[in-house]
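Listed below, chain by chain, are the residues.
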Amino acid sequence: MKTVILDVQDNKLDFILSMLKNLKEDVIQSYHIETKNNETSDFVRLSNKSLEKAWNNKEDEIYDQFLK
């Protein structure tokens, strides 16, 4: 079995779901819809550089050996 992940625009979701429902019964075992929170992912992406500077310092150096 393989997994296929599709990023679909909100206005095209109904079309894709309709296609999935019309496939033969034994083609797709299951599917689910996951909504991405772009605001959260943007925050994480922007804050990673700042957090790396805070975590990568001399004080925390001893703990870094356990992360390797």
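Every value quoted in this text rests on a predicted model; they were computed, and no experiment measured them.

> Provide a residue-level description of the overall build of the protein chain, including the pertinent values.
Regarding its fold elements, the protein chain presents three helices and zero strands. Burial status across the protein chain gives 4% buried among its 68 residues. Summed over its atoms, the accessible surface of the protein chain is roughly 7,500 Å², and 53% of this surface lies on carbon and sulfur atoms.

> Run through the layout of surface pockets, naming residues and quoting values.
When its volume is computed, the largest pocket comes out at roughly 1,100 Å³. If you trace the largest pocket, you find 26 residues lining it, with Val4, Ile5, Leu6, His32 and Ile33 closest to the centre. Split by residue class, the lining of the largest pocket holds 14 nonpolar, seven polar and five charged.

> An account of the confidence of the model for the protein chain is requested, with residue identities and associated values reported.
Here the protein chain averages 77 in pLDDT, while 76% of its residues score no lower than 70. Confidence, expressed as mean pLDDT per element, reaches its minimum in the protein chain at helix α2 (residues 38–55) with 69 and its maximum at helix α1 (residues 13–21) with 89.

How each quantity is defined
Residues numbered from 1 in each chain as written. Predicted model: local features only at pLDDT ≥ 70, side-chain atom pairs only at ≥ 80, totals over all residues. Heavy atoms only, no water. Helix = DSSP H or I, 4+ residues; strand = E, 2+ residues; numbered from the N terminus. Buried < 20%, exposed > 50% of the residue type's maximum accessible area, 1.4 Å probe, protein only. Areas by Shrake-Rupley, 256 points an atom, 1.4 Å probe, with all protein chains shown as cover. 1 Å grid on protein atoms, 1.4 Å probe; cavity = no way out; pocket = protein on both sides within 12 Å on 5 of 7 lines; lining within 4 Å. Points joined across faces, edges and corners; volume = space filled by probe spheres on them. Nonpolar A, V, L, I, M, F, W, Y, C, P; charged D, E, K, R; others polar. pLDDT = per-residue confidence, 0-100.

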